[in-house]
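What follows is each chain in one-letter form.
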Amino acid sequence: MGKIRTVLGDIEPEKLGFTYPHEHLWCSPPATQLDRDLELTSYEASLYELKLFKSVGGGTVVDGSPLDYGRDGQKLKQLAIDSDVNVLGLTGFNKHVYYPDWVEIVPVEFLVERMVKDITVGMDGSDAKAGLIKGGSWYNLVHPLERKTTIALARASLETGAPIWLHTEAGTMGMEMLDIIEDEGVDLATVVVGHSDRNADPRYHRQMLERGAYIEFDGPGKVKYYPDSVRVDLVRNVIDHGFADKLVISGDMGRKSYLEGYGGGPGFRFIKQVFVPRLIEEGIPENVVHKIFHDNPAKWLGKF
Ligand SMILES: [Zn+2]
């Protein structure tokens, strides 16, 4: 296992602690997104949320905001310093509806260079380096521009070793995105397929796991989709089929209305204080829970 690239520098995997592999600390979606609940730009509110996470035993948060989503490397650095929580930032792109116009015009090599620079030099004019790369796809479709950025991210990963995290729309297109990355020669053990629980299909999950990828469940507490009882069963499906080493869990609480710091809920305390005890109560062994929140993120992220 290599080191993990945080915004304050590379750390040993043992330093990670209890980890959320996909949250949002600082972001401002492009103006085309009219739903401004997604904009998280209060430093005090985000710091408050991180401190709550720290207070319940949290160790590390990955900020899931890529370069087309109003990311700010300097802010992430300051949040890490002021909260004493490890923070990782990422490079790459979201789904195509958020792309700046230039993504269509520039050659793939330009996109690769841009990502490599974020990982090796720093993000947004700061010296905060990205610790992973994000790609994304659309609902039941990989848009041609998403294919382009995904090819670029695979090449940037090969060049730097950086791990990969994938946005899937409502959990669809995970297998197709893995195809693109695999075709570029990337080992799928460096890839996490995010939002996989949005498509609550146990067989689909096993298919991705059998290819060596990690899957992420990031819906705990989002009862608007379905109750957490379904997610507990999905976790059990993964474990019962021998893939306890390939599951990560986060909250993806990328809305003001999800975060206590912004006056919403359930916030960063929820998974640690409510969902984890529930998993244990419902028969998921404690050593497996430890894998999910400590060992698996460390193995996935420890590539430097
Ligand atoms: Zn997200």
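Analysis parameters
- Residues numbered from 1 in each chain as written.
- Predicted model: local features only at pLDDT ≥ 70, side-chain atom pairs only at ≥ 80, totals over all residues.
- Heavy atoms only, no water.
- Helix = DSSP H or I, 4+ residues; strand = E, 2+ residues; numbered from the N terminus.
- Core = buried A, V, L, I, M, F, W, Y, C linked by side-chain atoms within 4.5 Å.
- Buried < 20%, exposed > 50% of the residue type's maximum accessible area, 1.4 Å probe, protein only.
- Contact = heavy atoms within 4.5 Å.
- Polar contact = N/O pair within 3.5 Å; in protein donor to acceptor, adjacent residues only side chain to side chain.
- Donors = N, O, S within 2.8 Å, 3.2 Å for Na, K, Ca; no water.
- Phe/Tyr/Trp six-rings, centres within 6.5 Å; stacked < 30°, edge-to-face > 60°.
- Pairing = 2+ DSSP bridges.
- Axes fitted to C-alpha atoms, helices over the stretch in contact; angles between N-to-C directions.

Trainee: Describe in detail unusual backbone geometry, supporting the description with residues and values.
Mentor: Residue Gly-265 is joined to Pro-266 through a cis peptide bond whose omega torsion reads 15°. Examined against the element boundaries, Pro-266 turns out to sit in the loop between strand 10 (247-249) and helix 9 (269-281). The phi dihedral of Asp-84 falls on the positive side, at around 60°, and the residue is not glycine. The backbone of Asp-252 shows a phi angle near 40°, a positive value even though the residue is not glycine. Within the secondary structure layout, Asp-252 lies in the loop between strand 10 and helix 9.

Trainee: Account for the nonpolar core, naming residues and giving values.
Mentor: Counting 85 residues, the largest nonpolar core has Val-235, Ile-249 and Phe-268 as its most contacted members. Among the elements that take part in this core, helix 4 (residues 108-120) stands out by supplying six residues, more than any other. When sequence neighbours within four positions are dropped, the list of residues in contact with Ile-249 reads Thr-19, Tyr-20, Pro-21, Phe-217, Pro-220, Val-235, Ile-271, Phe-275, Leu-279, Ile-292 and Phe-293. Ile-4, Leu-88, Trp-165 and Trp-300 belong to the second-largest nonpolar core, a separate cluster that totals 14 residues.

Trainee: Can you lay out the side chain of Thr-91 for me, pointing to particular residues and giving the numbers?
Mentor: You can see Thr-91 is positioned in strand 5 (residues 86-92). At a separation of 2.7 Å, a polar atom in the side chain of Thr-91 contacts the side chain of Asp-118. When near neighbours in sequence (up to four residues on either side) are disregarded, Thr-91 contacts Pro-66, Leu-67, Arg-71, Met-115, Asp-118, Ile-119, Ala-130, Leu-132, Ile-133 and Lys-134.

Trainee: Tell me about the coordination of the zinc ion, and name the residues and values.
Mentor: Note on metal geometry: ideal angles are 109.5 degrees for four donors arranged tetrahedrally and 90 or 180 degrees for six donors arranged octahedrally. Around the zinc ion, the protein contributes the donor atoms His-22 (NE2), His-24 (NE2) and Asp-252 (OD), at 2.1 to 2.3 Å from the metal centre. Here the donor residues of the zinc ion share one chain and are spaced in sequence as H-x1-H-x227-D. Highlighted residues: His-24 in the loop between strand 3 (18-23) and helix 1 (43-55) and Asp-252 in the loop between strand 10 and helix 9, separated in sequence by 228 residues. Like His-24, the residue Asp-252 is buried in the burial classification.

Trainee: An account of the packing of aromatic side chains is requested, with residue identities and associated values reported.
Mentor: Counted by the stated rule, this structure contains ten aromatic pairs. With 5.7 Å between their ring centres and 70° between their planes, Phe-18 and Tyr-20 make a pair best called edge-to-face. Pair check on accessibility: Phe-18 and Tyr-20 agree, each one buried. With centroids separated by 4.6 Å and ring planes inclined at 35°, the aromatic side chains of Tyr-20 and Phe-53 adopt a geometry described as tilted.

Trainee: Mind laying out the sheet that holds strand 5, listing which residues take part and the relevant values?
Mentor: Strand order in the open sheet made by the eight strands is 3-4-5-6-7-8-9-10, with parallel pairing throughout. Strands at the two margins of the open sheet, each flanked by one partner only, are strand 3 and strand 10. Strand-to-strand twist across the sheet, computed as the mean angle between neighbouring axes with direction ignored, equals 30°. Bridging between strand 8 (residues 191-193) and strand 9 (residues 214-217) involves two bridges; their strand directions are parallel. In the sheet register, Val-193 faces strand 9, and the bridge partner there is Ile-215. Along the sheet, helix 9 makes contact with strand 3 and strand 10, crossing strand 3 at roughly 110°.

Read these as geometric descriptors, not functional statements.
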